[in-house]
Structure formats: C-alpha cells, structure tokens
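Each chain, written out:
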Amino acid sequence: MDASDLDLWTVHTGSRKRSRTLEKTLQHEKFFLQNHRTGYYKCLLCDEHQYEPLSRAIQHEDSARHTRKVRMHDRPDEFSSPFHTSTEVEDIEDINDDTTGSYEDLREVHSFSSWRSSGEGPPQASTEDLGVHSDFAALPPPEDLVQDGVSVFHSPVYDSYTVHGPALVDDSPDQLYDNWGGELAIAESVSDDSDLLADDLDAMDLEGPTMDPEDSWQGYCRPHRADLQDSMESSQDSVTGLTPKTTQGQTGPGSRAGYPGRWSPGPPELDTEAVLDGLLTGNDSEASVDALLESHKHAPDLVISVEDEHEKWWPWPDQETCLLDVTGAFPRSLFSESEMRGTRWVAGRSGARRLPSIRQVKTSRRKVMTVAGTSPQHHHGRCGHLYATADLPTIIKHEFANPLVRPNIEVYAEDAGDQLKHPRQAKKWAHEVDPNLSAPMARNAEGKDFFVNELAMANIDSLGYVAPVVPVRWFSRDGALLSVAYPVRLRNSSAGERLVIDARVSQQLEIPLTAFILNVDDLLDAEVQRVWSLPAPDAIDGLLRHDDPHKLLEEWMHPVRNRWRERAQGARVYGLPIWLYCDDTSGNVSKKWNKHNSVLFVLGGLPRELSQLLYNVHFLSTSNLASPLEMMEQITAMLRDASADGIKVWDCLHKEDVLVVPWVLAFQGDNPMASEFASHVGMMGNCMCRVCHATRGHDKGGDHDTGVAREKSRLADFMSAGRPRTKAETLKNLAEQEERAFGGAPSATAEMATATGTKDKYFQHFVDKLQVRLNKWRTQQKRPPAPAPEPATTGDEGLEAPPEARGPEAPESQQPSRTERQAEFLQKMRSEMPDNIYNPVLLLEEFEPNADSPFEALHVVLLGVVKYWWRDACARQDQQGKAALIARLSSTDIAGLGISRLRGHTLVNYAGSLVGHDFRIILQVAPSALHGLVPQPAYEAWLALCRLAPLIFQPEINNLSEYQQCLKDAIADFLAATALWNTQWFNKTKFHLFVHVLTHILRFGPAILFATETFESYNLVIRLRSVNSNKHAPSLDIARSFSHLHAVRHLVSGGYVERDEEGLPIPPRQAGDGVRTLLHDREFLELMSMSRLFPESRAGFYHPLETKQPTTAAENTMTALVLPNLAIHAGGPVTRCRSIVLNNEDIISIQGYVAFTNPKDDPSAGRLYVGRIDEILAESKRGDLDGALVTLCSIGPMVAPYRMPACRADGEKFFISFKNLVAAVSTFHNCVAHGCTVTRSKVVMQERQETENREDEVVHDTQTIDRVLNTAQLRNAAILQRIQVVFPRYPGQAQDVVIDRAIENKLAAEWAAEQRRQEVEKRRELAGANSRAPPGQQGRRRARNRIMTDLQDDGRTTPLLTPLGTPASTPVRPTIPLANASGYTPASTPVMVASMPLDLAAWNLYSGHGAGAER
C-alpha cells in the first residue's frame, strides 16, 4: 500500500492521546456512487445520505443503519443472530419496529440474489457523461457462472450463526461475524471488469477541482467513530462525530477495541419507503441522475468529528453556537435574547441543523468570556456606590497579543523634524514625561538591553572614540532608535576616581542604539572595569548642570541598575500611553434622560487613522449611580499598580513575554467633565478656565476704576493666556480647604473654591457628609442637659451618701470646652473617612489634569461658537430673510466638500436641534450663505472663524514653524473680530479656550487627535447595552456585555489567549480556524465595525457619462478637438466619465474643480494648480482611467466681501493623468459682484417624482466662471494652504487697539439703541394721544401705527428679500469705521453699531443669561 493511501487518525480519550494508522478505503465500493468531479461519495443503500468525502463515507459505512442494510444484501434468505425470530416477516418487523415501512417494501431490498439468478445483473445507472462511477451499479454477473448467456449462479449455503460486520450495539453478546461468507464476498471475488468504467472516466477531461479530497485532511485529527445511535441519525443525519457516552473502565459490545466507552442504546430506525427509490431500482433516467448530482454538487469541503469541530471553532463548541453567540457582540447592531431566538427560528426553518438552544449559547458565552473576556468585577466606591469595572491589565494583554493591533502600536517617541502628525512626535511624549514611563529601554541586535539612567559604554563620535555615557531618553528618527545621553566625566578625589554626569544642555549627545557597546551589567564586572580603567558604576559623585564651577553638584538619585531591569528579569520593557475619556450619556433610547457616566480609553501609540476607529475604543466602566471620580478610584488603582510593577504580556510581534508600563497621555471629554477631572470650579465660575488663572474680571480693578477700565481689564484677560494652573497648586488649595472644613467650617470651602477656582467634587462629597454630621452634633449640643440623677443614699433612711461614698468631681475649669469637643468630633469624623479624600486622578504622577485636558474642537468650535452664531443668524431673520437663507443653502454648490445636498429648510427652521455634523457643514458654507443677512461685523467674525477652523481641524502639519505663525494670527484675528462685533460673546468661556489651542497642539499633536467624535459615537454602543440590561445591576450587566464584545473582537482578530474555558493557564494560542475565517466575511466585518481595518480603496472607480453607449472613438472627444496632438490610445475607443474617485477617496465631477500637479515640475517643490474639469476619459477595454481635461484657473486676488481668493477658469487647457490629480477643491460663485437673485423656479421633488410645485433657488445668470476659492473647506485644508494667496489680515491690529475699538463700538451701540428706544416711546405716546380721536380720524391713526411699526423695525438688521449684492441695511450713526491692515479705511465697510437686537431672547443671549451651561 502506498503511503498516500494512509491517513493518520487520532483517538482522544480524556487528556491522553493514542494514534494508529488506518487504510482509507471503502469495504464495499459497489454500494457507493462516486462523483469524479468532486471526489465525493454517496451511499446507494441509504437514500437520505448525501455526497461526502471519502473519510466521511468510510465512517458512514460503519454506521448502524448502513450495516443493517448491508446485512440484508449479504444474507437475503436467512437472517442470523441477533434476529432470532421464526419467520422472515417477524425478523423484519423486529428490526423496524420504529418505522412505518412494510415487509413488502423490504422485499425489494432483499432481491440481491435475484440479480444473480436472473442474469440481468444489478440495476444500471447512466454514467457516461456524468463523471460518476459506482462498482455496484456496473457490477456484471460472474463470468464463471454464466453458461450460454444464462446465469447459473446459485446461492451459497450461509452460516446461520454469522452476520456481516461490524458489530452493532444491539447485537447479541454471543454473535459471530463473517464478512466473507455471503453473496457480497462472492460478488467481490469475480472478474475485475468493473474497474474498466472507472478507468475510462478517469481518462476523461472533466472540469472541477483537481485537489484530492484526501489532501484536505492533512493535519486534521479526529477520533475513531463507533456506530451512532439511531435516534441521533434520524434527527441529525448530517451530523458526524457525536461524542459517545463513556463510563470509566466499561467497554460495551459496540465499542472499538481499547476504547473505554459505549454508545447510548436506541431503537434502530430504517427508512424503508425509499431505500431503492433512486438508482437501485434500475428505472432512473439520465436526467434524474443529473438532477441528483446537481443537488449535491455543493457538498461540504471538510468533514470533521465533534472534537475536530470544537477545535476548529474553539472556544465555541461548533459553528452554529459561534455564529449565534457573536450576534450579541455586534457594537451597533446588538441582538437581544428575543432577537437571537428569532434568528435561530429563521435558521431552523431554512434547513439549518444542530442549532443550539439559547441556554446552550449563553453557557458557551460564559466560557468564551472566561477565555478572552475583560473580567469585570464589582467594587464598592468610597462615596457609597457599587459599580463594575473591566480589568485594564487584561485589555492591555490582549492588545499586545492581537496581530491586528500590535504591529501598529508605537512604543517610542519620534523626532519628525518640522512635521507633526502623531502624539509620539509632540512635546509631552518626546520631552516631558518621565523616560522610565515613555521608553525605559532599548535592545540592540546582540540582545543587550540599555535602560535609561544607567551607565553604559558607547561610541560617541565618528572616529570610534568609546566613552561612558548615561542614556536618559530613547526616541526614534527615520526608523532608527537613538538616545539622548549625558557624557560621564572622570574626577580624581581622595577616594580615587569618581564619576560625574555632565547634564549641561550644551553637552548632551545623540547616540544611535547601534553605537552602544556595554551595558551596566557588563560594567559591574571587575574585569571589565580593569580593562577599561573605569571605577564601579556606583561611584557617582553627582550631576553637573551649570557652567559655573563654584556651584555644587546635584545628587544623582537613580540606582545603579534601573528598577525595570530588576523587575523585567531579561524581558523587554515598553511604555504604553493611553487616551483616557469620560462622559455621560443616556441609557435610554427614548428622550427620557437616564444618565450613565462611562470611562473609555484608546491606546495612544496607535496612528490617528486607527485610534479613531470604533474597533480600538475600549470600555472600562459605567454607572448610573457612581460619579466619574468615584469610578476613577479603581481605574486609578489599576494604573498605579501597573506603573509600579508593569504588566506582563505575551507580545505576538516578538513571540515572547514583555513588560508593559501604561501611563495616561491626556484626558478627553467635554468641558464640564474636563473641569471635574482637573478639580476645577467649572466654566461658569469666576475663575473660568481650567488651564490658566484667567477670570471673568468681577474682582478686577478697585472703586477708583471706572466701568470702562474694568471692561478693558476683563477683555485683556479673556483674550490672552494667564498663568498656568498646576497639580501642585490644586493639591495645596485642597489641603487648605480640608483644613478649614475639619477646623469646624465646612461651608467655607465653597467660598474658597470660588476664590481659587479649585473645586473637587470628590472631596466635596466628604465635606457635605461632614457638614450633615456636624450640624446634627451642634443641634444635640444646643439641647438642655438631662436632669441630674438622684443623689446616692445609704440605708433605708434615704439620707444622702457622704462625700467619700461619691466619686471625686472634676472641677468646672477642667471640663472640655465646646471647641475642644468639636475638634475631637471632627478628628473622629476624619479618622472614619478614607486616607485620600481628594480627586483620585491627582494620584497619577505622570498626569497633570490642568495641562493634560486639551482643547476639544467638537464642543468648543462646532458645538460652541458655530452653534451660538448660527442660532443668532437664524433668530435675527424675519420670514423673508429665512426664505433667502434657505434658498442660498439649498442652492449651494457642494462639489469638493464631500457632503450631500443641503436641506436649507432643516438647517434654518430647526437651528436649535442640529448636531455636530450639521454645524461642520454650516461652517464651510457660511461665507457664501450669510453675506447681506447679518451685520457686517458679524459677517467679518464668521469669516475669521472660517479662516481659523481649517487650521484647527487639519490632521497633519507638514511645516510646524509656518503653521504656528498662521495659527497665532488666525486666533488673534478671530478673537478681535468677535470683540469688534459684540463683547457680550466673551461671557462664553469657550471663546477664551482658543488661546490655549497652540499650546495643546504642540504638547499632544494636531487638534483632531484629541477631538472626541469617536468617543461620542461610542455612546450608541453603551446605550444599546444599557437597553438590553434588566436594570437590576446595570453597571455589571453593561460591563459583562462589553466583556463579551471584547472577547469576540479579540478571538476573531486572531488574538492569542493564555486561559482555557476553565480559566486555567495554557500556552498562548489562537481561536480555531473557523473563528478566524470570519475576518474574510465583509458583512461580518461591517457588523463588528471592523471593515475599516481592511479598507478597500475605491480609487479609479468612475460613472460613465452615457449609460446606454458609454464608449466612443477617441477622435470624437473634447480632448481630441482641443488637443489634437495628444495621442489617446492610438484612436481606440474610450469611455467618457461623469465622475471619478481619486486616490484620496475624493470624488470629482464634470465642471468641478480639482487640485493637480504638473509632472514637469520638481516634485520637491510641491507646487499645486487648480483647474476646472471639462472631460474625464477612461480606456474602454481595461477600464483604466487616463485622466481629465482641465482648464487652468488663475488664483487671486482677494474677493470682497468674502476675503477669499478669486478662482477663474480662464487659462490654458491641459490633459492631466489620473495619478497627478490630487484632491477635489470647493468653489462658489461670486454672487455679490454679479447680483444673483433668488427666484422661485426650482422644481420640487416628492416621492422621487417631479411635481408642479416650485421653490426658491439662487440663479447665476452671468459670469459663471467668476468663482471664489472656498478656503473654509475642512477637507484637504493642508492642500488648500499650498494654493491660496496670502492676503492682509483682518483686523490685523494689536490687542490693546482692538479692545479700545470694541469698547467704543459697544458704547456707540448702546447709545444708538437708547436713541431708538426714546424715539419709539415718543411715537407710542403720540399714538396714545391720537387714540381718542373722533371716528373720522381712524384712518389717520392706523397710518400712525404703521409708522410706529416701521420705526420699531428700523432697529432690526434683517434685510428684505433683495439681490445679494444690495446693501442689507443702512448703518445708524455714529459709525466707527474699521481700518484694514494698511491703515486705509474703506467707506464700503462701516461698522454696524446699531445692530444689537432689542428682543428679550436675543438680549439674554448677548448678556450670557438663559443660555444654559456650556459643554
């Protein structure tokens, strides 16, 4: 036998394994029909049997049902034991007592001998064109028993005491077996002519897979199979490999030799109605065989036993359980238990078998969570609440063991020069945080570890000079590791040679890792010290930081061997920064608020593209009872323990154990939550800023200062950054408050918090508790003393006891005073409280809550300034103004913005219900939509914001020095324009936070990195799990649900685990192959929010311009007419396209605008051009894009009043190849210059059909090429900065000048408003005097009322529906003009000092009343 014919089968018995080699052949191939296209077999005796691989067919041949049918053919006339019955009918009824078949049905089965006696042979199946071979179907009669063409075969004398094997469970214990004593043995011993058909079929050129089905089993292990119980076969006939019920040490008659188990008994079930209703009847046509083969051509590729299937889908038992279970882990499409039950019903009705019950799924889920869950646990908060948290070390272990995550985790800071893209390139990670946290060590190619603050020997120059150094920080540059190192000097002293570490900045070195030779362990060797003439590494005198030789050395505080070297014991040590996030969200789907505080985090070492994916957001805790700081108790404890001891993880990148040290990079959240984490009083307090000591100016100035001076001081403080707040200062303020509170004045802490801006909500809980107890104690002290007890007496006379019988009385002067008793009570109260009653976040050494809670663009820009200003713009419009604004928004050209068509009606009429996405759109279209509808100062403020926002939302900074200057100017102009509009906006603290933007960008990276859009979108994931909780233990239920989500995410991703289903440690292993193959299912990836891990680029996709005839000859294109010398596919057919997708996923269309490069330019120059797209061509046969015909646009000069560059398509035409098309560009028409009007001409669509209704739209009649480059575009902001022309700034003046002008504008506006008020009052008095006029003067009175209404309307700034170029309103004198950068004051830009609205709601908005708390 050839080795290829053998297959290794492994039998698993408990934890022991034994193997034996079996020959993989069918004993009776005649009973099987083989499909040569797939190599699969189908049993001809068992009609319910489907096509299966050879291995499974062999298992089927050993089954009980098949064996009984084989015995019928082997002994058709006589039945031997175990069928000990008197008649054949009784024998058959005894066999089939659970079936509905009759003896007459079975007679056809037992007609095997009649084939022999009749000479007709067995029934034949047509196999000429099917690639199907069955020895049984082509079996000829024995040649030696045919005489003259007539069969003379006679049945042999059968042994009545033997039957055909194998042994069955219900066989008699004394049953004998013989496979060579019946008709089957005679049939197998006859001529081999039956093999001819197989040889002919093998020679045919058949289509189909060429892989041998036997090869697919290489590497798979499966246990031996005994006969399955019939009840299982009837309900799960396609299921193989069911585990037998075993009894220790017991072997039943149906067990294989040496297998300690037995199969559960069950009545045999024989389907007698259609046993030979197929090919065995001899009456099937070729078409029926074709239909049969077609119905089974998709047989499964792999057939595995129960233990193999469990291995394939580990830690789930099988595929069905796994798929049902993962439906409960979809982040945004969570299946409840009832929905899972419905899914199970649909699958069952669709033909799926072996579906587990919901209880089985939940049982399996618990095991999966034991293997890969986050181990959530309950914790008792010190404020009295119970909450659950996930295990942070477990999550970090899994992330380092996740092959989809670990390769993307950066663990070293990076020096990127003038580029800033990732947090590892910013100041905190690269320069400020303790190097023992950021990057404790580096390992060179020889396997030596070099830790920071340890002595080492390195080559410090290009000449090969080796000297002792101390690396103090590791970082990367251009993919190579380097260290900032201090040189070490030798110093002679009375004690011999000593070491001095030179820490002067001018002496610092940058040494690559490859230049290090010896580490501290080498230098501790005495022989090495002798060879290099060095003292011991511990002989360090101190640290030299100054050039002044008279100053003393600083003490070197670090041990000889880094503490991480001691703890790692030879393992690598990595620092791991994390972004921490906390926010509140509703746990209800309805509008009823059900507050849940949630804590999440993201690994800071991930690049921006991955850190903003839902896949990489990790859940830590949530509670509807515990406050955020109370939940931070346990999270802080986990972080502190991990920072002290490290977390031992298995690194799938290096395939070894490493030590990870997590630390908090920054906190992300809205402004109230950031203030709470920073122990700050909040944005509504007098000390309004959590970052600096800026105040609202309520305590500025003295009695001698006028209101103007106080206002100037307030504006100056507001528009500049104050002295930074620090954690040390916060702790000092809290200590003073604690001393005051436990000194007997708990209520005084509120006043102290107002004065200092330090207010700790966690500490306030204990102060409130102290206040309640203290009030109760004081009440008790005010009560009259209880009556004194009766004096002690002696004897029966009731006489007073003598003084010596009474105890000594303390003199009144020695009784504790009330103050002393109160101090004792307060001291007792303090001893009953925890040792730390301050904000637990303050215990994190590397976390500075004031400096590490950065500017948050979502809530400050979009949900802050844009929201305030858009509501103001919409609220000040009358019906005609709103109609004009709606028409402009609906008519906006959205090409290049990457958004859908605007719904102006929604944006205007529902301005109070918009979300961040809506405000992002409004910000980009405001310049073209708001001109003429708001006062000129307000419009200038909008333009300043539109210049600033693209810089804030820019994801990458390629020229940091240039970017810093641009951002400084943009922030100054924005604050100045806001002040010139209305200083009342500075009652909103969010405007002040802009002064800290640049500091936070330099500290953490681009502002988009610490925007919270990703975390905010995670609120839906939390809410779904809250809704599916029974609300009895919401914190634990939600944590367990997230533990399940994390487990599924980790296992499907191919992550390694180190625990089995029982929680016992195992070597690192992955989930089964079946689980990991789910990554290839795009629908599953979408449901798991994992699709963006494997992005599919749409670059090069296009839509044909003509769908019916998309192709045309090249000479018929516009390109060929304009550029006749340009060869396009040698005149072949091309496809004209309507739109295409660029490499950056932008979509450009005909008549749109695109930025492109000139292939003839120097690539290092990075010059970009803008062009209008006239035609897009693609090659017809391959579908490859050729490029686009563009008209070059001239950029500049500045277009008033938009303060944006002009963009005119008046240049030459070029054909630009696809690879040179860079990005889509947004432009809009210069409507102000050409007087575009609003007309009611736009067709209204309803139900996707045109109607006769019309709505307003802006019509551009003339000069459509006169367009404006929209520099407010957020997408591709960095590209636009390389295109636009630099213009004079607005206002572009010093801060003190701006403040003076702002105050003058405010006073002038107040004066004008007072004048209008007095005028209106006079008109009202006049109207009242005329109200008593005779009836004949009623018409005159109505006219006067109309005049009064017009005068009132004069106070508004809303224009009538006029052309866009018409002035909106006439300014009210006095007018204070605005000077431009050159000092020239154009007459066309007056200041609208009379633009303040008079209605109460708007006044409340300006004055800061009724606006609500800021987020």
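Residues numbered from 1 in each chain as written. Predicted model: local features only at pLDDT ≥ 70, side-chain atom pairs only at ≥ 80, totals over all residues. Heavy atoms only, no water.

**Observations regarding the pattern of salt bridges**
Working step 1: Per the stated rule, a full pass over the model turns up 61 salt bridges.
Working step 2: The residue Arg-498 makes a salt bridge to Asp-541 at a minimum N-O spacing of 2.8 Å. In this pair, Arg-498 is assigned in strand β18 (residues 496-502) and Asp-541 in strand β21 (residues 540-544), connecting sequence segments 43 residues apart.
Working step 3: The exposure class assigned to Asp-541 is partly exposed, which follows from its relative accessible area of 31%.
Working step 4: A salt bridge links Asp-521 to Arg-561; the nearest nitrogen and oxygen atoms lie 2.9 Å apart. Taken as a pair, Asp-521 in helix α17 (residues 520-523) and Arg-561 in the loop between β21 and α19 (563-568) lie far apart in primary sequence, 40 residues in all.
Working step 5: Among the residues examined, Arg-561 registers a relative accessible area of 24% and is labelled partly exposed.
Working step 6: Several salt bridges share partner residues, and in doing so they unite Glu-454, Asp-521, Arg-561, Arg-565 and Glu-566 into one network. (Salt bridge = Lys/Arg side-chain N within 4 Å of Asp/Glu carboxyl O. Helix = DSSP H or I, 4+ residues; strand = E, 2+ residues; numbered from the N terminus. Buried < 20%, exposed > 50% of the residue type's maximum accessible area, 1.4 Å probe, protein only.)

**Quick look at the pairing of strand β22 (residues 572-586)**
Working step 1: With 15 of 15 residues buried, β22 lies mostly within the body of the structure.
Working step 2: Bridging between β22 and strand β26 (residues 656-668) involves 10 bridges; their strand directions are parallel. Looking at β26, one finds that Pro-577 is bridged to Trp-663.
Working step 3: As defined by bridge partners, β22 adjoins strand β23 (residues 595-603) across 9 bridges and the pair is classed as antiparallel. Note on β23: the bridge partner recorded for Tyr-581 is Leu-600. (Pairing = 2+ DSSP bridges.)

**So, the packing of aromatic side chains**
Two measures describe an aromatic ring pair: the distance that separates the ring centres and the angle between the ring planes.
Working step 1: Inspection of the entire model under this criterion finds 30 aromatic pairs.
Working step 2: On the basis of an interplanar angle of 35 degrees and a centroid distance of 6.1 Å, the ring pair of Trp-869 and Phe-991 is categorised as tilted. Of the two residues, Trp-869 sits in helix α28 (residues 857-875) while Phe-991 sits in the loop between α33 (960-981) and α34 (997-1004), which places them 122 residues apart along the sequence. Considered together, Trp-869 and Phe-991 belong to a single accessibility category, that of buried residues.
Working step 3: In this structure an aromatic cluster arises from ring pairing among Phe-718, Phe-855, Trp-869, Trp-942, Phe-974, Trp-981, Trp-985, Phe-986, Phe-991 and Phe-994.
Working step 4: Above the face of the Tyr-868 ring, Lys-988 is positioned so that its terminal group lies 4.6 Å from the ring centre. (Phe/Tyr/Trp six-rings, centres within 6.5 Å; stacked < 30°, edge-to-face > 60°. Lys NZ or Arg CZ within 6 Å of the ring centre and 35° of its normal.)

**Description of unusual backbone geometry**
Working step 1: Here the bond from Gly-1196 into Pro-1197 is cis, since omega is 0 degrees, no more than 30 degrees from zero.
Working step 2: Secondary-structure assignment places Pro-1197 in strand β38 (residues 1194-1199).
Working step 3: Pro-1291 follows Tyr-1290 through a cis peptide bond whose omega is -10 degrees.
Working step 4: Even without glycine at this site, Arg-354 takes up a positive phi of about 60 degrees.
Working step 5: Mapped onto the elements of the fold, Arg-354 is located in the loop between α12 (337-349) and α13 (358-372).
Working step 6: Unusually for a residue other than glycine, Gln-569 sits at a positive phi of about 55 degrees.
Working step 7: By secondary structure assignment, the location of Gln-569 is in the loop between α19 and β22.

**Some details on the sheet that holds β38**
Working step 1: Taken in spatial order, the 4 strands line up as β38-β39-β45-β42 in an open sheet, and their pairing is antiparallel. Pairing within the sheet leaves two strands with one partner each, and these edge strands are β38 and β42 (1227-1229). This sheet shows a mean twist of 40 degrees between the axes of neighbouring strands, independent of strand direction.
Working step 2: Relative to strand β39 (residues 1204-1208), β38 runs antiparallel, the two sharing 4 bridges. Bridging across to β39, Ile-1195 finds its partner in Cys-1207. (Axes fitted to C-alpha atoms, helices over the stretch in contact; angles between N-to-C directions.)

**Details of the environment of Leu-774**
Working step 1: Looking at the secondary structure, you find Leu-774 in helix α26 (residues 761-782).
Working step 2: Taking the C-alpha atoms as reference, Leu-774 lies 7.8 Å from Leu-826; in sequence the two are 52 residues apart.

**Focus: the packing of α28 against helix α32 (residues 936-952)**
Working step 1: Look at α28 against α32: their axes get within 12 Å of each other, and the N-to-C directions meet at 165 degrees. Classed by the angle they form, the pair α28 and α32 counts as roughly antiparallel. Our pair here, α28 against α32, has a crossing hand that is left-handed. Of α32, the residues touching α28 (which contributes Ala-857, Val-861, Val-865, Val-866, Trp-869 and Trp-870) are Ala-941, Trp-942, Leu-945 and Ile-952. (Parallel < 35°, antiparallel > 145°, perpendicular 65-115°, else oblique. Left-handed = near helix turned anticlockwise from the far one by under 90°. Contact = heavy atoms within 4.5 Å.)

**Some details on a nonpolar patch on the surface**
Working step 1: A cluster of nonpolar side chains, Met-1118, Leu-1121 and Val-1122, forms an exposed patch at the surface whose accessible area comes to about 270 Å².
Working step 2: Relative to the helices and strands, Leu-1121 is located in helix α40 (residues 1118-1122).
Working step 3: Note on Leu-1121: relative accessible area 66%, which makes it exposed. (Patch = residues over 30% accessible without salt bridge, like charges linked within 9 Å, V, L, I, M, F, W, Y side chains within 5 Å. Areas by Shrake-Rupley, 256 points an atom, 1.4 Å probe, with all protein chains shown as cover.)

**Some details on the nonpolar core**
Working step 1: Residues Trp-869, Trp-870, Ile-952, Leu-967, Phe-974 and Phe-994 are the most contacted members of the largest nonpolar core, which totals 157 residues.
Working step 2: Aside from chain neighbours lying at most four places away, what touches Trp-870 is Leu-885, Leu-889, Leu-907, Val-908, Ala-911, Leu-914, Phe-919, Ile-922, Leu-930 and Trp-942. (Core = buried A, V, L, I, M, F, W, Y, C linked by side-chain atoms within 4.5 Å.)

**Describing a positive patch on the surface**
Working step 1: Together, Lys-769, Arg-773, Lys-776, Arg-783 and Lys-828 line one region of the surface with positive charge.
Working step 2: In terms of residue count, the dominant contributor to the positive patch is α26 (3 residues).
Working step 3: Looking at where Arg-783 falls in the secondary structure, it is placed in the loop between α26 and β27 (793-794).
Working step 4: Owing to a relative accessible area of 57%, Arg-783 belongs among the exposed residues under this scheme. (Lys, Arg positive; Asp, Glu negative; His and termini not counted. Charge placed at Lys NZ, Arg CZ, Asp CG, Glu CD.)

**Brief notes about the sheet that holds strand β24 (residues 618-623)**
Working step 1: Read across the open sheet, the 7 strands follow the order β10-β11-β24-β23-β22-β26-β25; overall the sheet is mixed. If you trace the sheet from one side to the other, it starts and ends with β10 (377-380) and β25 (647-651), each paired once. Sheet twist, expressed as the average angle between the axes of neighbouring strands with direction ignored, equals 35 degrees.
Working step 2: One ladder, built from 5 bridges, connects β23 with β24; its direction is antiparallel. By the bridge assignment, Phe-601 is partnered in β24 with His-618.
Working step 3: Each of β22, β23, β24, β25 and β26 touches helix α14 (residues 392-400); the most contacted strand, β25, lies at about 20 degrees to it.
Working step 4: On top of the sheet, helix α36 (residues 1019-1027) reaches β22, β23 and β24; it is set at about 65 degrees to β22, its chief contact.

**Description of the state of the cysteines**
Working step 1: Under the defined criterion, the tally for this structure stands at 0 disulfides.
Working step 2: Between Cys-1231, a free cysteine, and Cys-1236, which holds the nearest cysteine sulfur, the sulfur-to-sulfur gap is 3.8 Å.
Working step 3: Residue Cys-1231 is classed as buried on the basis of its relative accessible area, which comes to 8%. (Disulfide = S-S within 2.5 Å.)

**Brief notes about the side chain of Arg-690**
Working step 1: Residue placement: Arg-690 occurs in the loop between α22 (671-677) and α23 (707-718).
Working step 2: Glu-856 provides the closest opposite charge to the buried, salt-bridge-free Arg-690, at an N-O distance of 8.1 Å.
Working step 3: One polar contact links Arg-690 to Ser-853, side chain to side chain, over a distance of 3.1 Å.
Working step 4: With residues near it in sequence (within four places) discarded, Arg-690 still touches Asn-671, Ala-674, Ser-675, His-680, Arg-725, Asn-850, Ser-853, Pro-854, Phe-855 and Leu-993. (Polar contact = N/O pair within 3.5 Å; in protein donor to acceptor, adjacent residues only side chain to side chain.)

**Description of helix α25 (residues 748-756)**
Working step 1: Every buried residue of α25 is accounted for by Ala-748, Thr-749, Met-752 and Ala-753. Down the axis of α25, the sector holding all buried residues measures 140 degrees, keeping them to one side. Exposed side chains of α25 directed beyond 90 degrees from the buried face belong to Glu-751 and Ala-755.
Working step 2: On the buried face of α25, the contacting elements are α24 (727-741) and α26.
Working step 3: In the segment just after α25, Gly-757 is the residue with positive phi, at about 80 degrees. (Arc of directions from axis to C-beta.)

**Description of the packing of helix α29 (residues 879-890) against helix α31 (residues 916-930)**
Working step 1: The N-to-C vectors of α29 and α31 enclose an angle of 125 degrees; their axes lie 10 Å apart at closest approach. In terms of orientation, α29 lies oblique with respect to α31. The hand of the α29/α31 crossing is right-handed. Contacts from Leu-885, Arg-888 and Leu-889 of α29 reach α31 at Val-925, Ser-928, Ala-929 and Leu-930.
Working step 2: Within the contact of α29 with α31, the residues separate by chemical class into 5 nonpolar, 1 polar and 1 charged. (Nonpolar A, V, L, I, M, F, W, Y, C, P; charged D, E, K, R; others polar.)

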